Amino acid sequence: MRVARLKYSHSDPLFRYSGIDAISASNRESIDLLLGGRVDVAFIPLTYASLNCGALEILPEFAIFSEGPVISARLFAGAGEGYAAVSDTSVNAMALRKLMGLEFEIVDDPIAALRTHRGVLVIGDDALRLVDSGAPHLVDVGELWQRRVGLPLVYAVMAARRGVDARGAREIVRAIGASLERFRADPRELIAEVSRRIGVSGRLLQDYYGSIRYRVSESVLRGIEEELRVFGLPRCPLTRPRAPGARGAESSPAGNGYA
């Protein structure tokens, strides 16, 4: 089964020990890979999942979300006027539009944009590098969302193309769960790897991986529904994650067992 992961460091705990040879994709690329049939399962931004829910099944066991400050999505303080956002953000830009009434010029070079804009929304590893360098910020998106909305802010969900083999999808879910458990048992090796790869301190990554959440609960499902309501986006049908060994969990087809 073909799988895509998001290219940012937040996805490493899900895949590092999974044995899955996943394609690494940007937020914008992930939905195109899934809808174009190049992969069967992918993590995709919640915004894109909502706009394409008729073609997808949401796999409700895992998502990428925060319940407070997230560190890797911040509106950094610049030296100019107006606001900019990097081109690969959709969830975080929408959150700031809805909660702060901001509009953004889309940019590809956040460092240059900091010289020309009052604030620049940066996500992912670039944001971590800016934090590690001591760059001041105006808003941490996860912190703002928690303060205003009081529910998890979900950045990406796990989705499959509608009609994909359910048994294969369950195997992917199990492998990701095993990778996450191994990381949680001893995060030091992966933190050291990521620190070298993206050039930020291990201490920052310790804090970062403490802020990112993955396992979906009832509060996360409520958070998804509220997030889509705030964003004014379609609310895709969601089912609750089945407990391991629950009756029917192994025999459910993709259209019923996942969402």
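Quantities reported herein were computed from a predicted structural model and do not represent experimental measurements. Every residue gets a number counted from 1 within its own chain, in the order that chain's sequence is written. This being a predicted model, a pLDDT of at least 70 is required before a residue's local features are given, and a value of 80 or more before pairs of side-chain atoms are given or counted; all residues contribute to the totals for chains, interfaces and linings. With hydrogens and water set aside, each side-chain value is computed from the structure's full complement of heavy atoms.

Chemist: Any chance you could explain the overall build of the protein here in plain terms?
Modeler: Looking only at helices and strands, the protein features twelve helices and eleven strands. Radius of gyration here uses only the C-alpha atoms, and the compact-globule reference equals 2.2 Å multiplied by the residue count raised to the power 0.38. Over its C-alpha trace the protein gives a radius of gyration of 18 Å, about what one expects of a compact globule, namely 18 Å for 259 residues. Remark: exposure states derive from per-residue accessible area (1.4 Å probe, protein chains only) relative to the maximum for the residue type, with buried under 20%, exposed over 50%, and partly exposed in between. By the burial criterion, 56% of the 259 residues in the protein qualify as buried. Considering only residue pairs separated by 6 or more positions, the protein has 75% of its internal contacts joining residues 24 or more positions apart. Runs of E in the DSSP output that reach at least two residues are strands. Runs of H or I that reach at least four are helices, and both are numbered from the N terminus. Every residue pair with non-hydrogen atoms within 4.5 Å of one another is taken to be in contact.

Chemist: Would you explain the sheet that holds strand β11 (residues 212–215) in this entry?
Modeler: A pair of strands counts as paired when DSSP detects no fewer than two bridges linking them. An order of β2-β1-β3-β10-β4-β11 is seen for the six strands of this open sheet, with the pairing classed as mixed. Strand pairing shows two members of the sheet lacking a second neighbour, β2 (23–25) and β11, which therefore form its edges. Here the average twist between neighbouring strands, direction ignored, is 30°. Here strand β1 (residues 3–6) pairs with strand β3 (residues 41–45) via two bridges, running parallel. When the bridges of β3 are listed, valine 3 appears paired with valine 41. Note on geometry: axes are C-alpha line fits, over the in-contact stretch for helices, and angles between N-to-C directions span 0 to 180 degrees.

Chemist: I keep staring at the packing of helix α9 (residues 188–198) against helix α10 (residues 202–211) and nothing clicks. Help me out?
Modeler: What describes two packed helices is the angle between their axes and the distance between those same axes. Remark: α9 packs on α10, axes separated minimally by 9 Å, with the N-to-C direction vectors making an angle of 120°. Crossing handedness for the pair α9 and α10: right-handed. Of the residues in α10, those touching α9 at Ile191, Val194, Ser195 and Ile198 are Gly202, Leu205, Gln206 and Tyr209. Here the residues of the contact of α9 with α10 are counted per class, giving five nonpolar, three polar and no charged. Crossing chirality is assigned from the near helix's rotation relative to the far helix, an anticlockwise turn below a right angle marking it left-handed and a clockwise turn marking it right-handed. When residues are sorted by character, Ala, Val, Leu, Ile, Met, Phe, Trp, Tyr, Cys and Pro go into the nonpolar class, Asp, Glu, Lys and Arg into the charged class, and all the rest, Gly among them, into the polar class.

Chemist: I'm lost on the side chain of aspartate 40 in this one. Help?
Modeler: Relative to the assigned elements, aspartate 40 resides in the loop between α2 (27–35) and β3. Classification of aspartate 40 by relative accessible area gives buried; the value is 9%. Throughout this description, a polar contact denotes any pair of N or O atoms lying within 3.5 Å of each other; where both atoms belong to protein, one of them has to be capable of donating a hydrogen while the other can accept it, and for residues adjacent in sequence the pair is counted only when both atoms sit in side chains. Within the structure, the side chain of aspartate 40 is placed 2.4 Å from the side chain of arginine 161, a separation counted as a polar contact. In contact with aspartate 40, not counting residues within four places along its chain, are Met1, Arg2, Leu34, Ala159, Ala160, Arg161 and Val164.

Chemist: I'm lost on the pairing of β3 in this one. Help?
Modeler: Along a regular strand, successive side chains alternate from one face of the sheet to the other. Of all five residues that make up β3, five are buried, and the element is covered over most of its length. As defined by bridge partners, β3 adjoins strand β10 (residues 153–161) across five bridges and the pair is classed as antiparallel. Note on β10: the bridge partner recorded for valine 41 is alanine 160.

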